[in-house]
Amino acid sequence: MRAILSEESSKLYDDDELLNIIDIIWDWYDDQGLLDIDTEADDEEVNTEALIKHVGKMLSKDTDSPVKREDVEPLVMAELRYEQSLDEF
């Protein structure tokens, strides 16, 4: 996730901030029923626009979060690309 950020932004976010984004993503998956055992969700079924909006909304509620609004989409997409790379194994 850090690789997609500018050096300046990367310095702003500690590992806990990035893990918080991952937690928000997985909570959204759970809310959408995408973690159900019988669900065979593939990448096309994940509404990335809704997911990015949700992550942004949750981060904006956290007044202590330093994550900039313009970094939300690249960070979410970086996590999704990482998840997709795991399918290769």
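For the structure, check the block above.
Treat the numbers as computed from the prediction; the structure is a model and nothing was measured.

Student: Quick one: what's the story with helix α3 (residues 48–61), residue by residue and with numbers?
Tutor: The first and last C-alpha atoms of α3 sit 20 Å apart over 14 residues, in line with the 20 Å expected at 1.5 Å per residue. Looking at the packing, one finds that the buried side of α3 touches α2 (15–31) and α4 (69–86).

Student: Describe the nonpolar core, with residues and values.
Tutor: Among the nonpolar cores identified, the biggest contains 19 residues, and Tyr29, Leu51, Val55 and Val76 are the most heavily contacted of them. Within the residue set of this core, elements represented by two or more residues are α2, α3 and α4.

Student: Which residues make up α4, and what values do they have?
Tutor: Between the first and last C-alpha of α4 there are 27 Å, a value that for 18 residues agrees with the 26 Å anticipated at 1.5 Å per step. Those residues of α4 not exposed but buried are Asp71, Val72, Leu75, Val76, Ala78, Glu79, Leu80 and Glu83. The inward-facing, buried residues of α4 contact α1 (7–12), α2 and α3.

Student: Go over the packing of α3 against α4, please, and point to the residues and values.
Tutor: The description of two packed helices rests on the angle between their axes and on the distance between the axes. As a packed pair, α3 and α4 sit with axes 9 Å apart at the nearest point and diverge in direction by 130°. It follows that α3 is oblique to α4 by the angle criterion. Two packed elements cross with a definite hand, and for α3 against α4 that hand is right-handed. Of α4, the residues touching α3 (which contributes Thr48, Leu51, Ile52, Val55, Gly56, Lys57 and Leu59) are Arg69, Val72, Glu73, Val76, Met77 and Leu80. For the contact of α3 with α4, the per-class residue count stands at eight nonpolar, two polar and three charged.

Student: Talk me through the packing of aromatic side chains; I want residue IDs and the actual numbers.
Tutor: Centre-to-centre distance and the angle between the planes together describe a pair of aromatic rings. Across all of its chains, the model carries two aromatic pairs by this definition. Relative to Tyr29, the ring of Trp26 has its centre 5.0 Å away and its plane inclined at 80°; by these criteria the two rings are edge-to-face. Within this pair, Trp26 and its partner Tyr29 are both found in helix α2, separated by three residues, close to a single helical turn. When its relative accessible area of 6% is taken as the criterion, Tyr29 is described as buried. Linked through ring pairs, Trp26, Trp28 and Tyr29 together constitute an aromatic cluster.

Criteria and cut-off values
Residues numbered from 1 in each chain as written. Predicted model: local features only at pLDDT ≥ 70, side-chain atom pairs only at ≥ 80, totals over all residues. Heavy atoms only, no water. Helix = DSSP H or I, 4+ residues; strand = E, 2+ residues; numbered from the N terminus. Expected span 1.5 Å × (residues − 1). Contact = heavy atoms within 4.5 Å. Core = buried A, V, L, I, M, F, W, Y, C linked by side-chain atoms within 4.5 Å. Buried < 20%, exposed > 50% of the residue type's maximum accessible area, 1.4 Å probe, protein only. Axes fitted to C-alpha atoms, helices over the stretch in contact; angles between N-to-C directions. Parallel < 35°, antiparallel > 145°, perpendicular 65-115°, else oblique. Left-handed = near helix turned anticlockwise from the far one by under 90°. Nonpolar A, V, L, I, M, F, W, Y, C, P; charged D, E, K, R; others polar. Phe/Tyr/Trp six-rings, centres within 6.5 Å; stacked < 30°, edge-to-face > 60°.

Geometric values such as these leave the question of function open.
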